Amino acid sequence: MADLSLESYWQLPPLSRTLATATFALSLAIHTGLLPGWWFVWAPRFLWMFPPQIWRFATAFLITGPKLGLLFDTYFLYSYLSQLEVGHPRFPRKEDLIWYLMFVGGSIMTINYLTGFGFVAFLQALIVAICYTVTQDQRGMKVSYMFITIPAQLMPYAMILINLLFPGGVMNMLLQAQGLVAGHLFEFLTRVWPEYGGGSNLIPTPAVLSTIVQATGSIQGRVTGGGGARPSDQASGRTTGASRGPLPDSWRTRGPGQRLG
């Protein structure tokens, strides 16, 4: 049984699997006191130290809220990210999805700096951004959220508004709104402007990123002796809509996240 579960785990979409696992493991270690959270949250002053703590660019997006947030944030991250990774027409190559995450993450950090809100962990903003991108191609579909059925494209807005039901939810709304703006900016620059404004994609995937991804894949192939993921590996992670996943519909809600610091 353990071997079967482990095999199923390795057959999940690799990028989504890796980020969800890292998020769960890092957040669990922080919230149980095994690791100090200030090592990983966003704090620009540490970038000017020697050596610069550049890992904070990534780890600030890998910290969930405590308690149920640890489960729900990890689930939503994997659920929506895997829908972009497997069979999504906007991201046919791995480097396209990596560039998307880099652009959206950088946009969230830029918005956070310009607005002066001072958030130090951005996972929930990233989840809303990914949800927005996913649901733009699910218009006409329905999803269940908080025991009601809504159009799929309204899901990111519902995720933001649900915070009004919880104490301190307004600050969490402001954080998630940054993700909504970042997701909309990516949509505008890559699809709305080229299709309706007569222009071109203003933020294409950099060629150097494609070179790095291809080189990394070649090295991994030589080390493992394989030629990449098998078709069955990719198919096992396929999803067809935002309303599907391993949790029942009644679980697809989330409480307010926490601001660290």
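Residues numbered from 1 in each chain as written. Predicted model: local features only at pLDDT ≥ 70, side-chain atom pairs only at ≥ 80, totals over all residues. Heavy atoms only, no water.

Engineer: So what exactly am I meant to see when it comes to the environment of threonine 23 here?
Structural biologist: Inspection of the secondary structure assignment puts threonine 23 in helix H2 (residues 14-31). On the basis of relative accessible area, threonine 23 is assigned to the buried category, the value being 0%. A sequence separation of 41 residues divides threonine 23 from threonine 64, and the C-alpha atoms of the two residues are 7.1 Å apart. Apart from the residues within four sequence positions on either side, threonine 23 is in contact with Phe61, Leu62, Thr64, Thr74, Leu77 and Leu123. (Helix = DSSP H or I, 4+ residues; strand = E, 2+ residues; numbered from the N terminus. Buried < 20%, exposed > 50% of the residue type's maximum accessible area, 1.4 Å probe, protein only. Contact = heavy atoms within 4.5 Å.)

Engineer: I'm lost on the packing of helix H5 (residues 94-115) against helix H6 (residues 123-135) in this one. Help?
Structural biologist: Relative orientation and spacing of two packed helices are given, respectively, by the angle between their axes and the distance between those axes. At a minimum axis separation of 10 Å, H5 and H6 run at an interaxial angle of 130 degrees. Comparing the axis directions of H5 and H6 gives the class oblique. The element H5 and its partner H6 pack so that their crossing is right-handed. Each of Tyr100, Leu101, Val104 and Ile108 in H5 lies in contact with H6, whose residues at this interface are Ala125, Leu126, Ala129, Ile130 and Thr133. Classifying every residue of the contact of H5 with H6 by side-chain character gives eight nonpolar, one polar and no charged. (Axes fitted to C-alpha atoms, helices over the stretch in contact; angles between N-to-C directions. Parallel < 35°, antiparallel > 145°, perpendicular 65-115°, else oblique. Left-handed = near helix turned anticlockwise from the far one by under 90°. Nonpolar A, V, L, I, M, F, W, Y, C, P; charged D, E, K, R; others polar.)

Engineer: Would you mind going over the UniProt feature "transmembrane region" (unreviewed entry) in the protein chain with me for this structure?
Structural biologist: Here the UniProt-annotated "transmembrane region" (unreviewed entry) positions come out as residues 20-42, 54-78, 98-131 and 143-166. As annotated, residues 20-42 has a helix share of 52% and a strand share of 0%, and its two end C-alpha atoms lie 19 Å apart. Along residues 143-166 the backbone is 29% helical and 29% strand, and the end-to-end C-alpha distance reaches 22 Å. (UniProt positions renumbered as here; feature names shortened; annotations may be inferred.)

Engineer: Before we go on, may I ask you to explain the packing of H2 against helix H4 (residues 68-85) in this structure?
Structural biologist: Taken N-terminus to C-terminus, the directions of H2 and H4 make an angle of 165 degrees; their axes are 8 Å apart at the nearest point. Put simply, H2 runs roughly antiparallel to H4. In this structure, H2 crosses over H4, and the sense of that crossing is right-handed. In this structure, H2 contributes Pro14, Leu15, Ser16, Arg17, Leu19, Ala20, Thr23, Phe24, Ser27 and Leu28 to the contact, and H4 contributes Leu70, Thr74, Leu77, Tyr78, Leu81, Ser82 and Glu85. When grouped by side-chain class, the residues that make up the contact of H2 with H4 number ten nonpolar, five polar and two charged.

Engineer: Could you clarify how one ought to interpret the packing of aromatic side chains in this entry?
Structural biologist: The geometry of two aromatic rings is summed up by the distance between their centres and the angle between their planes. On inspection of all chains with the given rule, the structure shows 14 aromatic pairs. A ring pair is formed by phenylalanine 76 and tyrosine 80, whose centres lie 6.0 Å apart and whose planes are at 10 degrees; its orientation type is stacked. Residue phenylalanine 76 and its partner tyrosine 80 are located together in helix H4, separated by four residues, close to a single helical turn. Exposure class is identical for phenylalanine 76 and tyrosine 80. Each is buried. Positioned above the aromatic ring of tyrosine 9 is the side chain of arginine 17, whose terminal nitrogen or guanidinium carbon lies 5.7 Å from the ring centre. (Phe/Tyr/Trp six-rings, centres within 6.5 Å; stacked < 30°, edge-to-face > 60°. Lys NZ or Arg CZ within 6 Å of the ring centre and 35° of its normal.)

Engineer: Any chance you could explain the pairing of strand S2 (residues 148-151) here in plain terms?
Structural biologist: The side chains of a regular strand alternate, residue by residue, between the two faces of the sheet. Looking at chain direction, strand S1 (residues 142-145) and S2 are connected through four bridges and run antiparallel. Paired with valine 143 across the strands is isoleucine 150, a residue of S2. Between S1 and S2, which pair antiparallel and follow one another directly, the connecting turn spans two residues, one of which, methionine 146, has a positive phi of 55 degrees. (Pairing = 2+ DSSP bridges.)

Engineer: I would appreciate a short explanation of the environment of valine 181 in the present structure.
Structural biologist: Residue position: valine 181 is located in helix H8 (residues 169-196). Classification of valine 181 by relative accessible area gives partly exposed; the value is 49%. For valine 181 and tyrosine 132, which are 49 residues apart along the polypeptide, the C-alpha to C-alpha distance reads 9.5 Å.

Engineer: Looking at this structure, I do not really get the confidence of the model for the protein chain. What am I missing?
Structural biologist: Any residue range with low pLDDT should be treated as having predicted coordinates unsuitable for detailed reading. The share of residues in the protein chain with pLDDT of 70 or more is 82%, and the mean pLDDT across the chain is 84. Element-level pLDDT for the protein chain is lowest in helix H10 (residues 231-235), with a mean of 43, against a maximum mean of 97 in helix H3 (residues 56-59). Here residues 227-261 scores under 50 on pLDDT; set against residues more than four positions off or in separate chains, the count is 79 contacts. (pLDDT = per-residue confidence, 0-100.)

Engineer: I tried to follow the pattern of salt bridges on my own but got confused; where do I start?
Structural biologist: Two side chains carrying opposite charge are able to pair once their charged atoms lie near each other. Within the structure shown, the criterion is met by five salt bridges. In this structure, glutamate 187 engages arginine 90 in a salt bridge whose closest nitrogen and oxygen atoms are separated by 3.1 Å. Of the two residues, glutamate 187 sits in helix H8 while arginine 90 sits in the loop between H4 and H5, which places them 97 residues apart along the sequence. With its nearest N and O atoms 2.7 Å apart, the salt bridge here joins arginine 191 to glutamate 187. Within this pair, arginine 191 and its partner glutamate 187 are both found in helix H8, separated by four residues, close to a single helical turn. Look at arginine 191 and you get buried, because its relative accessible area is 16%. Residue class for glutamate 187 comes out buried when judged on its relative accessible area of 5%. (Salt bridge = Lys/Arg side-chain N within 4 Å of Asp/Glu carboxyl O.)

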